[in-house]
Amino acid sequence: MSDRTDLLIVGAGPAGMAAAVTARRHGLSVRVVDDQPAPGGQIWRGIETVAATPRAKRLGESYLAGAERAAAFRACGADYESASQLWQIEPGFRAFVTRGGKARAVTAQAIILATGAQERPMPFPGWTLPGVLTVGAAQILLKTADSVPEQPVWIAGCGPLPLLYMTQLLAAGGRIAGFLDTTPRGRLGPALRHLPRGLGRLGDLMKGLSWSLALRRAGIPIIRHVTELRAEGEGRLQRLRYRTEAGQEAEVPAEVLLVHEGVVPNIHAPLALGCAVSWHAGQHCYVPVLDAWGETSQANIFVAGDGAGIGGAEAAEPRGRLAALRIAAKLGRLDDATAETAAAPERSALSSALALRPLLDAFYAPRPQLYAPPDETLVCRCEEVTAGELRARAVEGRPGPNQLKAFTRAGMGPCQGRQCGYTMAHIVAAAQGRSVEEVGFYRIRPPLKPVTLGELASLDEQEPAA
Amino acid sequence: MFRKLHDPGPQAVTIFIDGRPVTAELGESVAAVLLRQQEGWSRTTPVSQSPRAPYCMMGVCFECLVEIDGQGSVQSCLTPVANGMHIARQQGRRSLSA
């Protein structure tokens, strides 16, 4: 396989696959690297193996739709490298990728980062105990391992994903102990202001309502407006305590607790490449600054999919195709007018896919307590730094997140701040009376994923001596 | 913590967790198998030696690090099982002499 390619795509989810198919159609050589063992991203995880099994049906139609996308991607002629981790991109571009314990450099003229989203970190006392997982993690276990919690499971949080997962879990014969809904009181009014724009997506709204109804029909206990959570146990989750806005408190036995408070774009790669980001007030996270094609502030680096701002799979595909069209034009395979013509239906598909998003963002915006956990909460899971320690340090000389990282090691562990970055920013902002946007985020440096010395040394085998 | 809904049948393989043979299914990740064990944890932390288990299952939390076939700190949620694989739960920080 050549180590030169016109286009390098990072991520083989909906955006990456759509971009690859479009770029190949216009004659570009395309390399796709992805850290998963098979294409599909998170939404279509394991689709190639699962589609033919009896469990595929109960995972729903939007999951099954991934099968034809994966097949089209496999057939498009892109070089696809699964189980590969991208850890550095140098100007020019030279991208460094590790696969099977060996590192290699790939030279590309343009790059599309289609690295998707991660679940919004949700710190509370005890969230590091074995037995506490994210709802996304449980859904991946259902899709790829056909596994469900052994005992009736507690689910806490908000957003469409918990509703979808609970529906899928019931269909699979799983049992739910209760749903601790963290959506604050009074969200409906502000959310409904965005209804006119979302009217074209009534089908999606109905789907969400049908999930809620199915849960109610199944008699699942739903506790509304939960503001505080506490997981307790010796070496594993055994008890769960919660408190609601109205002051109702309870302690319940629990073996597995699944949590979810929405998703945020993976911004580590764009940040490390020096791409400008801006604070998205509606989605309460950073998003890369992009032009109408998805090009970042760094020429020839594009972001497509949920990494560009949360929009779901249906928005990810047109974003991927738009980026590929622009790159084909920039590399001279397509004239600008033809690219514009081809872009028109993609732009309209994107706009339609995003129509319901402002309503969802307003309804499920993170509750105020989310990033203000009690002092004993571990904010940095890796280095075990508490909220109390960060608060105490944050008032000594107004340090920013990077100084606090140096003082406390928060953000220095293997996850590289993916689980503590936003909490850190909010704690600093609250302690110093500044806005989260003003406080900023960790400075992200390569390697984007941990790399061993052995992997680095293996680069030598690839490059002929000068 | 978790249970599998079907019998793997011909897709079944055997992997070893801390030396104990365990049935797994081709196509699933090592982390998924760990979560089906009586002891669902994957490692203890380098700072306080407290147990951790797979948390995100999508490669962003690094709680599922284990030793696989002699290589330390591998993300078990990104690693599909293979017949005869040896998994060791990781205890605390890695020793320099190991």
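Residues numbered from 1 in each chain as written. Chains lettered and ligands numbered in written order. Predicted model: local features only at pLDDT ≥ 70, side-chain atom pairs only at ≥ 80, totals over all residues.

### As for the overall build of chain B
Heads up, the condition is: In DSSP terms, a helix is any run of H or I states spanning at least four residues, a strand is any run of E spanning at least two, and both are numbered starting from the N terminus. The globule rule used here is 2.2 Å times the number of residues to the 0.38 power, and the radius of gyration it is set against is calculated over C-alpha atoms. The burial label depends on the number of other C-beta atoms within 10 Å of a residue's C-beta. Counts of 20 or more mean buried, 12 or fewer mean exposed, and intermediate counts mean partly exposed, with C-beta atoms placed from the backbone. By definition, residue pairs are in contact when their C-beta atoms, positioned from the backbone, come within 7 Å.
Within chain B, the secondary structure is distributed over one helix and eight strands. For chain B, the N- to C-terminal ordering of α and β elements is β-β-β-α-β-β-β-β-β. Taken against the 2.2 N^0.38 rule, which gives 13 Å for 98 residues, the C-alpha radius of gyration of chain B at 13 Å falls within 12% of a compact globule. Its C-alpha atoms give chain B principal-axis dimensions of roughly 40 × 25 × 25 Å. Counting every position in chain B, which comprises 98 residues, the buried fraction comes to 46%. Put simply, of all contacts in chain B between residues at least 6 apart along the chain, 40% involve residues at least 24 apart.

### Quick notes on the domain arrangement of chain A
Residue and element names in this part refer to chain A. For clarity, the threshold we go by: Boundaries of every domain are those given by an automatic assignment or by a domain database. Classification used: nonpolar for Ala, Val, Leu, Ile, Met, Phe, Trp, Tyr, Cys and Pro, charged for Asp, Glu, Lys and Arg, polar for all others including Gly.
Its domain assignment divides chain A into domain 1 (4-118 + 264-358), domain 2 (121-261) and domain 3 (371-459). For domain 2 versus domain 3, the separation of C-alpha centres amounts to 27 Å. Tallying the contact residues gives five residues for domain 2 and eleven residues for domain 3. For the side of domain 2 that touches domain 3, a count of residues per class yields four nonpolar, one polar and no charged.

### As for unusual backbone geometry
Residues and elements named next belong to chain A. The omega torsion of the bond from Gly92 to Phe93 falls at -15°, within 30 degrees of zero and hence cis. Looking at the element boundaries, Phe93 is found in the loop between strand S4 (84-90) and strand S5 (94-99). Between Pro446 and Pro447 the backbone carries a cis peptide bond, its omega angle lying at 0°. Along the polypeptide, Pro447 turns up in the loop between helix H17 (436-439) and helix H18 (453-457).

### Some remarks on the interface of chain B and chain A
Often the size quoted for an interface is simply the accessible area lost on bringing the parts together. Spelled out, the test is: Pairs of strands are assigned from DSSP output, requiring at least two bridges between the strands.
Tallying the contact residues gives 32 residues for chain B and 37 residues for chain A. Looking at the side of chain B that touches chain A, the elements that each hand over two or more residues are strand S1 (2-4) and strand S5 (51-52) of chain B. For the side of chain B that touches chain A, the leading source of residues is S1(B), giving three residues. Its residues placed into classes, the side of chain B that touches chain A shows 19 nonpolar, seven polar and six charged. Both strand S9 (residues 147-149) of chain A and S1(B) contribute to a ladder of three bridges, which runs antiparallel. Residue A:Pro149 lies in a different strand from S1(B), and its bridge partner there is B:Phe2.

### Remarks on the environment of A:Ala70
Residues and elements named next belong to chain A. Mapped onto the secondary structure, Ala70 falls in helix H4 (residues 66-75). Classification of Ala70 by C-beta neighbours within 10 Å gives partly exposed; the count is 19. Excluding residues within four positions of it along the chain, Ala70 makes contact with Pro39, Gly40, Trp44, Ile47 and Glu48.

### Brief notes about the sheet that holds strand S16 (residues 257-261) of chain A
Backbone hydrogen bonds are what pair the strands of a sheet, in a parallel or an antiparallel way. All names here are of chain A. If you walk across this open sheet you meet the five strands as S8-S16-S10-S11-S12, and the pairing is parallel. Edge positions in the sheet fall to strand S8 (132-134) and strand S12 (222-223), since each of these pairs with one other strand and no more. Note that S8 and S16 share three bridges and pair parallel. Bridge pairing in S16 links Thr134 to Val259.

### Here we look at the nonpolar core
All names here are of chain A. Note the following rule: Throughout this description, the term nonpolar core refers to a group of buried Ala, Val, Leu, Ile, Met, Phe, Trp, Tyr and Cys residues whose C-beta atoms join them within 7 Å.
The biggest cluster of nonpolar side chains holds 163 residues, and the ones touching the most others in it are Ala19 and Leu257. Apart from the residues within four sequence positions on either side, Ala19 is in contact with Ile9, Ile112, Ala114, Ala304, Gly320, Arg321, Ala323 and Ala324. Counting residues in hydrophobic clusters, the runner-up holds six residues, among them Cys158, Leu356, Leu360 and Ala365.

### So, the sheet that holds strand S7 (residues 71-75) of chain B
Residue and element names in this part refer to chain B. Defined as follows: Axis lines are fitted through C-alpha atoms, for helices just across the contact stretch, and the angle between N-to-C directions can take any value from 0 to 180 degrees.
Pairing in this open sheet of five strands is mixed, and the strands run S3-S2-S8-S6-S7 from one edge to the other. Edge positions in the sheet fall to strand S3 (20-25) and S7, since each of these pairs with one other strand and no more. Within this sheet the neighbouring strands show an average axis-to-axis angle of 40°, counted without direction. Relative to strand S8 (residues 86-89), strand S6 (residues 65-68) runs antiparallel, the two being bridged by three bridges. Within the sheet, the bridge partner assigned to Glu67 lies in S8 and is Ala88.

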